[in-house]
Amino acid sequence: MSIMPPQKKIKPKEITLLKFFTKSKEKAGIIRKEAGEEGVAHEVTGGGCEESHDAAMDETKGEAGGTAGCEEQEGSSSMETGEDGTGPEEDHQMVETGRKRKREREREAETDRQGVQSMHDRGRNRDRELSDIEDSSQRIEPYQPHPKCIPTQVLSNRVLHFQEKWYSQFPWLHYDALKQGVLCFYCKKVYQEKPTPFAAKAEPAFINTGFKNWKKAIEKFKAHASSHTHCHAVSVTAQENHPVDAQLSSALAKQQADNRHCLEKIVSSIKYLARQGLALRGHEDENSNLYQLLKDKAEDDVLLDKWLQRSQKEYISPEIQNEILSKMSNSIVRGIADTIRNLPILQYAIIIDGTQDISGQEQESICLRYVDNDLIPHEDFIGLFGVSDTTGRSLADVAKDVLLRLNLPIHGLRGQTYDGAANMSGKHFGAQALIKQEQPLALYVHCGAHCTNLIAQKACLASSLIRDSLDWVHQLGVLFSQSGKFKAIHAAIAHAENTCYTKIKPLCPTRWTVRNKAITAVLSQYGSVLAALEEMASGASNTASTANGLLGQFRKGKTVLGLKLALPVIHELECLNISFQKRTATVAGMKAAVEVVRTSLMAKRNEASFQTLFEEAMAMVQSLGIKPITIPQSRPPPKCFTGGAEAHQPKSAKDHYRVEFFKVLDTVDAQFTERFGQDDLLTLQKLEETLLSGEVDAPVIDKYSELNRESLSVQLSMFRLNYSFSNSAEAAGIIRGLPVEVRGLFGQVETLVRLLLVVPVSSSEAERSFSALRRLKTWLRSTMTQNRLNHVSVCHIHQDKLDLLDEKSICKQFIALNDKRKKNFGFLA
């Protein structure tokens, strides 16, 4: 008999536990077998206990009913003759294997815990700011985005992706963007939000941590679908949607149906007012537009009339209004984001422009541009976002935050269009530069409409003659708008002379390309304007001196000549500006339009064109009987500059003003070269040349992950051989009309065409939202909160999408938010 080494005594309480674990050995083995790899937290808390239980059971299994004085070696000796028939060497090996497994699981759990913790630390601040656009706690159905938006699993020899068919096989799958994994929609809703005794037995991977092991996805999904915890969660959810009291009480069911009918009327009324941009509230609730509209509907609706008579104003309160508006606007914005994510190639661009509302709050309008499956560009308004700081970093953060809220990966950003302000276009600290640091392929394009406006401004300021003439027209428009007397005098004179009467408006101080109508109005009514100014100057009003000063300027023939010279330049630039404002405008089209206008204006830089304009001005001056066009007085230059030679002096007024006109045209030509010679526009031009010539520019093409140089070269050769086109828009039209089988041959060509079409050429879509802002936030509605303004503006601008919105779906989301509403309205099918 071998001598046993002294061992630690086992306490009485431990003996009882050992007996219990001895009887449960088989059950514990089954638990270990079914433990999932994803339940890291479960393995950490329970795995170690299982190993210690196994060791304890092995030590006590040989001799049942051990006493308190038994030692560990004695237990090992008894195991030699136990039921299992295992020897001490095998038992020792089993214990060592269990300990190794425990240490491996602890290391894996610690690694996963550190990874999850670091991910949570990085995103905690951003997660707090996420809006209810992605708030899964308020969802009434699982969130199932396109598989390309779900992270992949990278193994040593391959990369695994989430499969779209799993959505149909397992409808309860719900993707959580914060956890970067899939959860069980029903288990998360029941066990996370409302903890129950079953929650301890549920798998954490499908409730808290997120499942992302696509290698064992089918196996784990089937196991979870057949688990008792999942069946219990589905049952609880079904009971919540169909309360027992509503099923048993027909009276309650009828009352809930009547309440749902009234709720739908409330939602439809809010939808109508938001669509038309009308105020919902009034000075008092009884006088609000919403309440009065409901009263009008109640005349033909008995149920709604009873509802209003019961004074149930809880569901038309400002808080409920904001909630319903948010549901509608979020549905619209979410639909736009889903459309972009589901594109064959994830490519989109961002447009940002800012202005101040009536209360002085800075509002940044953000729009997205994308190309649909038919290769048609779309520009959609996303929202108005109030900012307290207009620095480039602040605006860049706002843009990235919006993309994060919409779950749009920034790696799909291919263009950005802003105005030319330093905080937006700055080379180092502008918003475009900061966004490029994260996505270098987001090409920046200075808004073409803004560039055209700057060209017109530079051209008009280049000539003192044109500059002064436009200023007198502006002052005349100010007098016309401020003096009702002058307006009446001018109208009476114009009608008496049987001339076409047109209101004279002041010039816009910032938009130089919209001055054509104002100049034309003055030139067409020049005689009536002179008569009205003369009559106004002879009066004794406060504006008589202003009218007298303007009369002296408009009686000069050079004022007429200045307007005549400015009109053709501004008119053609205005046509160019209008062409940039289309939602379907492309970079290639912009450059072609610029070249056309530039050629047209430079064609006027000759003696014949100026002679025609000068003669028209001279004829008008003579017919009006005003001062003739003469050479302005000028001081001769000092002799120290000219020496003994005579200073150059124009021989006639025609020679003098010809120089002024040519100076304007030269300024336009120089500005076209400067404004439309942007670096990123040159990159897009190289892509366009690749499409047109078929010669692949390797340094440019290799930057884009969606383009393959070899495949693109082969497909371009086939495409150019069979079809003829001169720009990307024509190529898009050809691809759009091809059969599906033929179109599939040119996948890389289509990707290149999408890339050329997705970059916006102007920020006109954001400018249009400013018009909506002026209609929505007025002097009477200047205290509107930012959230309400954003929701109302989305509904008002996207009227077509709002009309397609299902009101019952909005009601369903509204009811599902709390138990009180479920009790009042019941389940909405």
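Going by the structure above, here's the rest.
Residues numbered from 1 in each chain as written. Predicted model: local features only at pLDDT ≥ 70, side-chain atom pairs only at ≥ 80, totals over all residues. Heavy atoms only, no water.

(A) How the structure looks around the overall build of the chain. From N to C terminus, the chain includes 39 helices and nine strands. A total of 829 residues make up the chain; the buried ones form 45% of that total. Pairs at least 24 residues apart make up 71% of the contacts formed inside the chain by residues separated by at least 6 positions. (Helix = DSSP H or I, 4+ residues; strand = E, 2+ residues; numbered from the N terminus. Buried < 20%, exposed > 50% of the residue type's maximum accessible area, 1.4 Å probe, protein only. Contact = heavy atoms within 4.5 Å.)

(B) Region of the structure containing the packing of helix H15 (residues 392-405) against helix H17 (residues 431-438). Relative to each other, H15 and H17 sit at 50°, their axes nearing to 8 Å. Looking at the two axes, H15 sits oblique to H17. Of the two elements, H15 crosses H17, and the hand of that crossing is right-handed. Judged by residue contacts, Gly 392, Arg 393, Leu 395, Ala 396, Ala 399 and Lys 400 of H15 engage Ala 431, Leu 434, Ile 435 and Glu 438 from H17. When the residues that make up the contact of H15 with H17 are grouped by side-chain class, the tally is six nonpolar, one polar and three charged. (Axes fitted to C-alpha atoms, helices over the stretch in contact; angles between N-to-C directions. Parallel < 35°, antiparallel > 145°, perpendicular 65-115°, else oblique. Left-handed = near helix turned anticlockwise from the far one by under 90°. Nonpolar A, V, L, I, M, F, W, Y, C, P; charged D, E, K, R; others polar.)

(C) Geometry of the sheet that holds strand E9 (residues 443-446). The five strands lie next to each other as E7-E6-E5-E8-E9, forming an open sheet whose pairing is mixed. Each edge of the open sheet is held by one strand with a lone partner, namely strand E7 (377-386) and E9. The sheet shows a mean angle of 20° between the axes of neighbouring strands, taken without regard to direction. Relative to E7, strand E6 (residues 362-371) is paired through nine bridges, and the arrangement is antiparallel. The residue of E7 that forms the bridge with Ile 366 is Gly 383. Of the strands in this sheet, E6 and E7 are in contact with helix H36 (residues 786-797), which crosses E7 at around 160°. (Pairing = 2+ DSSP bridges.)

(D) A positive patch on the surface, seen in detail. On the surface, Lys 487, Lys 503, Lys 505 and Lys 517 cluster together to form a positively charged patch. Locating Lys 505 in the fold gives a position in the loop between helix H20 (484-496) and helix H21 (516-524). Given the relative accessible area of 56%, Lys 505 is considered exposed. (Patch = residues over 30% accessible without salt bridge, like charges linked within 9 Å, V, L, I, M, F, W, Y side chains within 5 Å. Areas by Shrake-Rupley, 256 points an atom, 1.4 Å probe, with all protein chains shown as cover. Salt bridge = Lys/Arg side-chain N within 4 Å of Asp/Glu carboxyl O. Lys, Arg positive; Asp, Glu negative; His and termini not counted. Charge placed at Lys NZ, Arg CZ, Asp CG, Glu CD.)

(E) Main features of unusual backbone geometry. The phi angle at Gln 180 is positive, at roughly 60°, despite the residue not being glycine. On the secondary structure map, Gln 180 appears in the loop between strand E3 (173-176) and strand E4 (181-184). Despite not being glycine, Asn 407 has its phi angle at roughly 60°, a positive value. Within the secondary structure, Asn 407 is located in the loop between H15 and strand E8 (413-418). Owing to a relative accessible area of 16%, Asn 407 belongs among the buried residues under this scheme.

(F) Focus on the packing of aromatic side chains. Summed over all chains, the structure comprises 31 aromatic pairs. Between the aromatic rings of Trp 172 and Phe 206, the centroid separation amounts to 5.9 Å while the plane-to-plane angle is 75°, which identifies the pairing as edge-to-face. Of this pair, Trp 172 sits in the loop between helix H6 (165-169) and E3 while Phe 206 sits in the loop between helix H7 (185-192) and helix H8 (217-225); the two residues are 34 residues apart in sequence, bridging distant segments of the chain. In this structure, Trp 172 and Phe 206 share a single accessibility class: buried. A ring pair is formed by Trp 172 and Phe 221, whose centres lie 6.0 Å apart and whose planes are at 85°; its orientation type is edge-to-face. Of this pair, Trp 172 sits in the loop between H6 and E3 while Phe 221 sits in helix H8; the two residues are 49 residues apart in sequence, bridging distant segments of the chain. Classification of Trp 172 by relative accessible area gives buried; the value is 6%. Linked through ring pairs, Phe 162, Trp 166, Tyr 167, Phe 170, Trp 172, Phe 206, Phe 211, Trp 214 and Phe 221 together constitute an aromatic cluster. Just above the ring of Phe 814 sits the side chain of Arg 821; from NZ or CZ to the centre is 3.8 Å. (Phe/Tyr/Trp six-rings, centres within 6.5 Å; stacked < 30°, edge-to-face > 60°. Lys NZ or Arg CZ within 6 Å of the ring centre and 35° of its normal.)

(G) Expanded view of a negative patch on the surface. Taken together, the side chains of Asp 296, Glu 299, Asp 300 and Asp 305 make up a negatively charged region of the molecular surface. By the secondary structure assignment, Asp 305 is in helix H13 (residues 302-309). Assessed through its relative accessible area of 30%, Asp 305 is described here as partly exposed.

(H) Broad picture of helix H31 (residues 709-722). Along its 14 residues, H31 runs 20 Å from first to last C-alpha, staying within 8% of the 20 Å computed at 1.5 Å per residue. Listed as buried for H31 are Leu 712, Gln 715, Leu 716 and Phe 719. Down the axis of H31, the sector holding all buried residues measures 110°, keeping them to one side. Facing away from the buried side of H31, by more than 90 degrees, are the exposed residues Glu 710, Val 714 and Leu 721. Residues of H31 that are buried sit in contact with helix H29 (679-693), helix H30 (698-701), helix H32 (728-736) and helix H34 (747-758). (Expected span 1.5 Å × (residues − 1). Arc of directions from axis to C-beta.)

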